[in-house]
Amino acid sequence: MSAPIEFVTLDWCGREVQIEYQYVGSSDPQAPLVVFLHEGLGSVSMWKDFPETFCQAANCRGLVYSRPGYGQSTPRHPDERWDVDFMHRQAFEVLPAFLAALKLDPQQHKLWLFGHSDGASISLLYAARYPQALAGAIVLAPHIMVEDLTITSIEQAREVYQTTDLSKKLGRYHQDADSAFWGWNNIWLHPPFRAWSIEAELASINCPLLAVQGLDDEYGSLEQIRGVARRVAKAELVEIPACGHSPHRDQPTLLIKKATDFICRHT
């Protein structure tokens, strides 16, 4: 059952930032703990009821949080521009600090990560840097390199944001919609980011890994998860028909079945 939204304060980028988070699912302290990492424009509230539904089905506890700049967490500072390593910093700085602030020690109680899109890439980076910290990971539509398809879709998103009421719609989920949108959009369309890749880092991952992608994903080809499978020994793939970039929205029933089975087999 979902607990109330709470906040914890971290020291990051030379200032204090508040992080919103929520526990969902089982209340059993011995149940596996799944940490949910949202997409590039996501937040706690944009997951809607999926984490709760999934955790109840899998008999897991869930921890959902909004990264700095998203949701009700501290917005990006007006002059703060994310660099090419922004996902590495989330994986190596923010996530460990967030877990420590909540007194969650992955060495004592190994965690599961459940990431979507940018959150999936951050999950892969964390799994590669801290190979002994995880019981496993589930990644939806991860990015392991930058494709022309991805850039085209992000350019289209910029056009939509500038010409429609998308800002107002995102304002339902973010304290500062401009902070969330431009932080994500500007770095992905920054020319040096075209060379970004985490392919070489994937070989360090040794936990069980389920990589999921829709066959109609408008932000990446199947090479994203197939590239994961070639580099991660314990990776399993799920390719879902009639599904775009968000399997948890497009095909939630199938995804929950596949992911629940995966956690049960590796718990």
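Definitions and cut-offs
Residues numbered from 1 in each chain as written. Predicted model: local features only at pLDDT ≥ 70, side-chain atom pairs only at ≥ 80, totals over all residues. Heavy atoms only, no water. Helix = DSSP H or I, 4+ residues; strand = E, 2+ residues; numbered from the N terminus. Buried < 20%, exposed > 50% of the residue type's maximum accessible area, 1.4 Å probe, protein only. Contact = heavy atoms within 4.5 Å. Lys, Arg positive; Asp, Glu negative; His and termini not counted. Charge placed at Lys NZ, Arg CZ, Asp CG, Glu CD. Expected span 1.5 Å × (residues − 1). Core = buried A, V, L, I, M, F, W, Y, C linked by side-chain atoms within 4.5 Å. Axes fitted to C-alpha atoms, helices over the stretch in contact; angles between N-to-C directions. Parallel < 35°, antiparallel > 145°, perpendicular 65-115°, else oblique. Left-handed = near helix turned anticlockwise from the far one by under 90°. Phe/Tyr/Trp six-rings, centres within 6.5 Å; stacked < 30°, edge-to-face > 60°. Lys NZ or Arg CZ within 6 Å of the ring centre and 35° of its normal.

Participant: Teacher, can you tell me more about the overall build of the chain here?
Facilitator: A count of helical and extended segments in the chain gives nine helices and eight strands. In terms of overall dimensions, the chain has a C-alpha envelope of 45 × 40 × 30 Å along the principal axes. Going through the 267 residues of the chain one by one, you find that 57% of them count as buried. When contacts within the chain are restricted to residue pairs at least 6 apart in sequence, long-range pairs at least 24 apart make up 76% of them. For the chain, the centre of its 23 positive side-chain charges and the centre of its 32 negative side-chain charges are spaced 3 Å apart.

Participant: In this structure, what is going on with helix α3 (residues 118–129)? I would like to understand it.
Facilitator: Since there are 3.6 residues in each turn of an α-helix, residues three or four apart along the chain are aligned in direction. Given a rise of 1.5 Å per residue, 12 residues ought to cover 16 Å, and the 17 Å separating the end C-alpha atoms of α3 matches this to within 8%. Counting buried positions along α3 yields 11 of 12 residues, so the element is predominantly enclosed. Within α3, the full set of buried residues consists of Asp118, Gly119, Ala120, Ser121, Ile122, Ser123, Leu124, Leu125, Tyr126, Ala127 and Ala128.

Participant: When you look at the nonpolar core in this model, what are you seeing that I'm missing?
Facilitator: Across soluble globular proteins, nonpolar side chains have a tendency to be buried as a group. Val35, Leu95, Phe98, Leu124, Trp184 and Trp188 are the most contacted members of the largest nonpolar core, which has 68 residues in total. At eight residues, the largest contribution of residues to this core is made by helix α2 (residues 86–101). Setting aside chain neighbours within four positions, we find leucine 124 in contact with Val139, Pro142, Ile144, Ile198, Leu202, Ile205, Leu209 and Val228.

Participant: Is there a simple way to think about the packing of helix α1 (residues 50–58) against helix α9 (residues 252–265) in this case?
Facilitator: How two helices sit against one another is set out by the angle between their axes and by the gap between those axes. Between α1 and α9, the shortest axis-to-axis distance is 9 Å and the interhelical angle comes to 45°. Judged on the interaxial angle alone, α9 and α1 are oblique. Every pair of crossing elements has a handedness; the one defined by α1 and α9 is right-handed. Only Leu255, Ile256, Ala259, Thr260 and Ile263 of α9 make contact with α1, whose side of the interface consists of Phe50, Thr53, Phe54, Ala57 and Ala58.

Participant: Looking at this structure, how should I read the packing of aromatic side chains?
Facilitator: Aromatic ring pairs are defined here through the distance separating the ring centres and the angle between the ring planes. One pass over the structure, following the stated rule, counts 23 aromatic pairs. With centroids separated by 6.1 Å and ring planes inclined at 90°, the aromatic side chains of tyrosine 21 and tyrosine 23 adopt a geometry described as edge-to-face. Given a relative accessible area of 8%, tyrosine 21 falls into the buried group. In this structure tyrosine 23 comes out as partly exposed when scored by relative accessible area, which is 26%. What links up through ring pairs into an aromatic cluster is the set Tyr70, Trp82, Phe86, Trp188, Phe193 and Trp196. Looking at arginine 129, its charged tip hangs above the ring of phenylalanine 92, at a distance of 3.7 Å from the centre.

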